[in-house]
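Summary of structural features
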Amino acid sequence: MIIAIFVGLLLILFLMGVAVPYALIATSVVGMIYSGGFGPVQMGTMAQKMTAGVNSFTLLAIPFFLLAGKMMNVGSITKRIFNSCNALVGWIPGGLGQVNILASVVFAGMSGSAVADAAGLGTIEIKAMKDEGFDTEFAAGITAASSTIGPIIPPSIPLIMFGCAASVSISDLLVGGIVPGVVCAIALGIMVAIISVKRRYPRRGFPSLRELWTLFKSSFLALMTPVILIGGILSGVFTATEAAAVASLYAMFLVCVVYREVGLKDLTQIFKEVCREASAIMLVVAASTLYGYMLTKFMIPKMALEFFLSVSSNKYVFLLMINLFLLFVGCFMESNAAILILAPILVPAAISFDIHPVHFGLIMVFNLMIGLLTPPVGMCLYATARVAGLSFEEQLRGTAIFYIPLIITLIVITMVPQVTLFLIG
C-alpha cells in the first residue's frame, strides 16, 4: 500500500498533467492521511519541512547562475565565444560542428544549464552552420547533443540539486564533472568528424596568428568567466555559491559596463525572468523535501536497498539497473524534479554497493541529461527545434545519431570511477 501511494499515485498525477510540485505535495498529503490523519500538527510539519528545504545557502547558487546565463544570452558574449572557438577548431574535420561542441564547453563554464545553451548559443550556431552548407537537421542535432555538456562541466544546476538532495559536497560534485564533460565533448567531436568526412561538410582554413590575436583580444574578457569560476572553485578561493555570485556579477559587469549592451530596462526584465524561473525551481525543491521526508518516514529507501540486494549483490549489475532505470525516467520526468525525488532513495543503495556518492551523482545527472534529448519530455529537443525552425520529428531525426557518443560517454563514466574522482583525490 505504501508503494502504491508514493509511487503509483505520483505517476498517475504526472500522467494526468499535474505540475511536479503539486503532484509531490498531493502525494505527501495522502501519505500523511494514511499514516494517521491530517490535522493542524501535520500541516505544521508540512510547512516546516518545505521551508527547511529551501532554507539553504547552497541553493542561492541557482538564481545567480540563472542570472549569469541570462546576461550572456542578452549580450554579445555568446557571439564572441562562438567566433573564438571557430578560429581555434573550425579547421578540424567537421568545421562548425566542432566549433559548436567547443562553444558549448566554454558556455557550460558560465551558465550551468543545457536549455540555456541550446536556446542561447543555438541561435548563432545553427544559422552559421546552415550558411556554411551544413544540413539543418545535422546542425540542430549537434546543437542539442552538445548542450548536454552544460550541466556536467561546472557550474551545474542539476549537480547542485543532487548535492542538496543527497547531502554531498557541491564543490566535489562540480570539480568531479570537469573530466566527464571533456570526455563527452571528445566523443561528440569524433562522431562529428566521421559524419562530416562522409558527407563532405566544409571546414575553414587554419587561422593566421594575426586573426587569432584579434579574436583573442575581442573575447578575452568573456572567456575569463569560466576561468575565474572554475579556477576559484578548484583553488578553494570561494565556494560554489560564492562562485555563482562572482560569475553573475562579472557577466553583468561585462554586458552593462564594458560592452554597454544592456540598459536599465533590459536589466529589469532579466531580473524578472530570473526571479520567475528561480521561484519555480524552489517550489519544486520545497515540495521534494516534503516528499523525501515522507519517503524516509515510511523507510522506502530501505525497501529500495532490499530490492536491489534481492536482485543481485554485484555492484555492476546494480549500476546497469540504475542506468536503465534513469534513462527511462529521463524520458518522462524533468531532470531537477527526478534528482530531488530519486537521490534520497538511490544514494543510500549506491553507498551500500561501495559507490562513491560523487561518482554516483555524475552517473545520475548524465543519465537525466540524455533524457533532455529523448521524447516525450526532451526539453532540449523542443528548444533547439524552435530555434532551428524544424518540426519535433525532424529535430529528433537529426539528434538520433548523437545518442551513440552520449551512451559511450555514459558507459565510460559508469565503469571508470577515476574519470569522475580524478580531480577530487
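One structure accompanies this document, and this report is about it. (Residues numbered from 1 in each chain as written. Predicted model: local features only at pLDDT ≥ 70, side-chain atom pairs only at ≥ 80, totals over all residues. Heavy atoms only, no water.)

Moving on, we come to the overall build of the protein. Across its full length, the protein carries 22 helices and 0 strands. Once the C-alpha set of the protein is aligned to its principal axes, its extents read approximately 75 × 50 × 45 Å. For the protein, with 425 residues in total, the buried portion stands at 55%. Residue pairs in contact within the protein that sit at least 24 positions apart in sequence constitute 79% of those at least 6 positions apart. By element, 69% of the accessible surface of the protein is carried by carbon and sulfur atoms, the whole surface being about 17,800 Å². Taken together, the 22 basic and 18 acidic charged side chains of the protein have centroids lying 4 Å from each other. (Helix = DSSP H or I, 4+ residues; strand = E, 2+ residues; numbered from the N terminus. Buried < 20%, exposed > 50% of the residue type's maximum accessible area, 1.4 Å probe, protein only. Contact = heavy atoms within 4.5 Å. Areas by Shrake-Rupley, 256 points an atom, 1.4 Å probe, with all protein chains shown as cover. Lys, Arg positive; Asp, Glu negative; His and termini not counted. Charge placed at Lys NZ, Arg CZ, Asp CG, Glu CD.)

The buried count for helix α9 (residues 157–166) comes to 8 of 10 residues, which makes it a mostly enclosed element. Residues of α9 that are buried: I157, P158, L159, I160, M161, F162, G163 and A166. For α9, the side-chain oxygen to backbone nitrogen distance between the N-cap and L159 is 3.1 Å, and the N-cap itself is S156. Positive phi appears at S167, one or two residues downstream of α9, with a value of about 55 degrees. (Polar contact = N/O pair within 3.5 Å; in protein donor to acceptor, adjacent residues only side chain to side chain.)

Further remarks concern the nonpolar core. Formed by 141 residues in total, the largest nonpolar core has its most connected members in F162, F318 and F360. Every residue in contact with F162, bar those within four places of it in the chain, is listed here: S167, V168, L173, I339, A343, V347, P357, F360, G361 and M364. (Core = buried A, V, L, I, M, F, W, Y, C linked by side-chain atoms within 4.5 Å.)

Geometrically, a packed helix pair is captured by the angle between its two axes and the distance between the axes. Close contact between helix α15 (residues 300–311) and helix α16 (residues 315–332) brings their axes to 9 Å; oriented N to C, the two are set at 120 degrees. Considered as vectors, α15 and α16 are oriented oblique to each other. Note that α15 runs across α16; the crossing there is right-handed. Two secondary-structure elements touch here, α15 through F307, F308 and V311 and α16 through F318, M321 and I322. (Axes fitted to C-alpha atoms, helices over the stretch in contact; angles between N-to-C directions. Parallel < 35°, antiparallel > 145°, perpendicular 65-115°, else oblique. Left-handed = near helix turned anticlockwise from the far one by under 90°.)

The next point concerns the packing of helix α8 (residues 136–146) against helix α20 (residues 392–399). Interaxial distance between α8 and α20 falls to 7 Å at its minimum, and their mutual angle equals 70 degrees. Considering their axes alone, α8 and α20 lie roughly perpendicular with respect to each other. For the pair α8 and α20, the contacting residues are E137, A140, G141 and A144 in the first and E394, Q395, R397, G398 and T399 in the second. When the residues that make up the contact of α8 with α20 are grouped by side-chain class, the tally is 2 nonpolar, 4 polar and 3 charged. (Nonpolar A, V, L, I, M, F, W, Y, C, P; charged D, E, K, R; others polar.)

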